[in-house]
Amino acid sequence: MDIIALRRDFHRHPEVGFTEFRTASKVVEILTSLSYDVIFGKDALDGDSRRGVPSAKIVQEAFDRALQDGANPEILQEMEGGYTAVIGLLKGKTDGPTVAFRFDMDALPVTESKNPDHYPHANGFRSEYEGNMHACAHDGHTVIGLGLAEKLADRNFAGTVKLIFQPAEEGVRGAYSIVQKGMLDDVDYLYCLHLGTDVPLGEFHGGSSGFLASTKMAAHFHGVSSHAGASPEKGKNALLGAATALLNIHAIPRFSSGSTRINVGVLTGGTAANIIPAHAKMIIETRSITEETNDEMEKRVRNIVAHSAGMHELDHEIEIIGQAITIRCDQELVDLAMEEARHVDGFSTIKACRESGSAGSEDASFMIRRVQDNGGKGTYMIIGTDIPAPHHHPEFDIQEEVLPRSVELLSLIARRLLK
């Protein structure tokens, strides 16, 4: 398998969360060709607990595009509606533990750079889906997972390998529904990873800490439209209620219990200058270093939204569209990963646990927590690669030489645990 060529193919065809139809269908095809048992579609995630699924129109457009771009129609049929998770299972020659690895597949709504110095553009694999881009290395993560699948296809191990290809990591949306489906309930050891994150090429961290607990909410305000000149008093201004909430949400105080973040990232509403807005929508996120403080911030946001709606005689509802909790890495798995990294050419600096300096969040946290709650162990590794621009930037890219060494590392980890 040429994982560099495969990465470039995925990079050219970036698909955002719950629309990874082409990517997921290719993952199914490759795993099937390697004799893995493959679970996908509604069998791989719980539909009732999906968060932040795009509109039916957006999902259908992505589905049709995937068909046009060569996705297998029989596989796609099982993913219709945005059920794009894929789980690959392979049993070894004898019994043993279940070791899982998680790989996210989704891209971002970022327009990729056309700068002549931007490596994907200069080498002919810039995004063909204008407005979408792999700006966070998930194309690399996906091919690392497929490369690992190929390495382990000989079944020369004891136990079971479970490869989890997750949709919709961006916005911390996709992992929760996989957990709720029970896909982590039989896992003894779970390894998750990310490329880059300001760690240079040649450096490896066996674990990470400092990820923030986070809640993403969509608040909807419902009022009554009316003529803004002739009868403004007959209307109930939904946008005014949302604006009241916005100002007060940003006035929530900081907490002595730890770092916090809050942001209203989207506020939309109204249809014309002469119409009292009947509907408004806000997208809000809270973050904190502790789950308890994040829960308190979420509670305060909910109170503000409710009272702001009440002030203007509006109806409202709030939906959770994304969520993450904190991550605690098990030292046993951190140490094991560090030991195996020393056997891989290219890793010159090997460290234990990196504290995330990005104030980011990660929904693999739900997978790790479920495994730990069931008596298993988990960790979240960082594999370094120099990047020409920050994550989520139009000129983001990775150094492709990191891909084969990452496959080798994960293969060593798997075989060590599955002796």
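All figures in this text were calculated on a predicted structure; none of them were measured in a lab.

A few points about the overall build of the protein
Then, number 1: For the protein, the count of helices and strands is 12 helices and 12 strands.
Then, number 2: For a compact globule of 419 residues, the expected C-alpha radius of gyration is about 22 Å, and the protein comes in at 23 Å, within 12% of that figure.
Then, number 3: Along the first, second and third principal axes, the C-alpha atoms of the protein reach 75 × 50 × 45 Å.
Then, number 4: Burial status across the protein gives 56% buried among its 419 residues.
Then, number 5: Expressed as a percentage of contacts within the protein between residues at least 6 apart in sequence, the contacts between residues at least 24 apart total 84%.
Then, number 6: Only carbon and sulfur atoms are counted for the fraction: they give 47% of the accessible area of the protein, which is about 16,700 Å².
Then, number 7: Of the side chains in the protein, 41 bear a positive and 59 a negative charge, and the two mean positions are spaced by 2 Å.

What to know about the packing of aromatic side chains
Then, number 1: If you walk through the whole model with that rule in mind, you get seven aromatic pairs.
Then, number 2: Here the aromatic rings of F21 and F63 are separated by 5.3 Å at their centres, their planes lie at 85°, and the arrangement is edge-to-face. Here F21, found in helix α2 (residues 21–33), pairs with F63, found in helix α3 (residues 56–68); they are 42 residues apart in sequence, far enough to count as distant.
Then, number 3: The exposure class assigned to F21 is buried, which follows from its relative accessible area of 0%.
Then, number 4: For F63, a relative accessible area of 8% translates into the label buried.

Observations concerning helix α1 (residues 3–12)
Then, number 1: Listing the buried residues of α1 in full gives I3, L6, R7, D9, F10 and H11.
Then, number 2: Structurally, α1 contributes buried residues whose contacts are with α2, α5 (119–122), α6 (138–151) and α12 (402–417).
Then, number 3: Its side-chain oxygen 3.2 Å from the backbone nitrogen of I4, D2 forms the N-cap of α1.

Notes on the pattern of salt bridges
Then, number 1: Taken as a whole, this structure holds 28 salt bridges when the rule is applied.
Then, number 2: The salt bridge partner of D9 is R22, with a shortest N-O separation of 3.0 Å. Note that D9 is positioned in helix α1 and R22 in helix α2, a separation of 13 residues in sequence.
Then, number 3: Note on D9: relative accessible area 13%, which makes it buried.
Then, number 4: Of the residues examined, R22 reaches a relative accessible area of 5% and is grouped as buried.
Then, number 5: Here D363 ties to R102 by a salt bridge, and the two come within 3.1 Å at their closest N and O atoms. On the criterion of sequence distance, the pair formed by D363 in the loop between β11 (349–355) and α11 (364–373) and R102 in strand β3 (residues 94–104) is long-range, its members being 261 residues apart.
Then, number 6: For R102, a relative accessible area of 1% puts it in the buried group.

Points about the domain arrangement of the protein
Then, number 1: Structurally, the protein comprises domain 1 (3–210 + 327–418) and domain 2 (213–323).
Then, number 2: Computed over C-alpha atoms only, the centres of domain 1 and domain 2 are separated by 33 Å.
Then, number 3: Carbon and sulfur atoms make up 47% of the surface buried where domain 1 meets domain 2, a total of about 810 Å² over both sides.
Then, number 4: Here domain 1 and domain 2 share one salt bridge between them.

A few points about the sheet that holds strand β7 (residues 213–222)
Then, number 1: Read across the open sheet, the four strands follow the order β8-β9-β7-β10; overall the sheet is antiparallel. The open sheet terminates on both sides in strands that have one partner only, identified here as β8 (260–269) and β10 (315–324). Put simply, the sheet's adjacent strands are angled 15° from each other on average, direction ignored.
Then, number 2: Bridging between β8 and strand β9 (residues 279–288) involves nine bridges; their strand directions are antiparallel. When the sheet's bridge partners are listed, T268 is paired in β9 with K281.

So, the pairing of β7
Then, number 1: Burial analysis of β7 places nine of its 10 residues in the buried class, which makes it a mostly covered element.
Then, number 2: Alignment of β7 against β9, held across 10 bridges, turns out to be antiparallel. Residue pairing for β9: H220 is matched across the bridge by K281.

Focus: the side chain of H141
Then, number 1: Position of H141 among the secondary structure elements: in helix α6.
Then, number 2: Relative accessible area serves as the criterion here: at 0%, H141 is assigned to the buried category.
Then, number 3: Among the polar contacts listed, one links the side chain of H141 to the backbone nitrogen of L195, at a separation of 3.0 Å.
Then, number 4: Aside from chain neighbours lying at most four places away, what touches H141 is F103, D104, C136, L193, H194 and L195.

Here we look at the packing of α6 against α12
Then, number 1: Look at α6 against α12: their axes get within 9 Å of each other, and the N-to-C directions meet at 50°. On the basis of the axis angle, α6 is oblique to α12. When you trace α6 past α12, the crossing you get is right-handed. On α12, the residues that touch G140, V143, I144, G147, L148 and K151 of α6 are L403, S406, V407, E408, L410, S411 and R415.
Then, number 2: When the residues that make up the contact of α6 with α12 are grouped by side-chain class, the tally is six nonpolar, four polar and three charged.

Rules used in this analysis
- Residues numbered from 1 in each chain as written.
- Predicted model: local features only at pLDDT ≥ 70, side-chain atom pairs only at ≥ 80, totals over all residues.
- Heavy atoms only, no water.
- Helix = DSSP H or I, 4+ residues; strand = E, 2+ residues; numbered from the N terminus.
- Rg over C-alpha atoms; globule rule 2.2 N^0.38 Å.
- Buried < 20%, exposed > 50% of the residue type's maximum accessible area, 1.4 Å probe, protein only.
- Contact = heavy atoms within 4.5 Å.
- Areas by Shrake-Rupley, 256 points an atom, 1.4 Å probe, with all protein chains shown as cover.
- Lys, Arg positive; Asp, Glu negative; His and termini not counted.
- Charge placed at Lys NZ, Arg CZ, Asp CG, Glu CD.
- Phe/Tyr/Trp six-rings, centres within 6.5 Å; stacked < 30°, edge-to-face > 60°.
- Polar contact = N/O pair within 3.5 Å; in protein donor to acceptor, adjacent residues only side chain to side chain.
- Salt bridge = Lys/Arg side-chain N within 4 Å of Asp/Glu carboxyl O.
- Domains from an automatic or database assignment.
- Buried area = accessible area lost by both parts, 1.4 Å probe.
- Pairing = 2+ DSSP bridges.
- Axes fitted to C-alpha atoms, helices over the stretch in contact; angles between N-to-C directions.
- Parallel < 35°, antiparallel > 145°, perpendicular 65-115°, else oblique.
- Left-handed = near helix turned anticlockwise from the far one by under 90°.
- Nonpolar A, V, L, I, M, F, W, Y, C, P; charged D, E, K, R; others polar.

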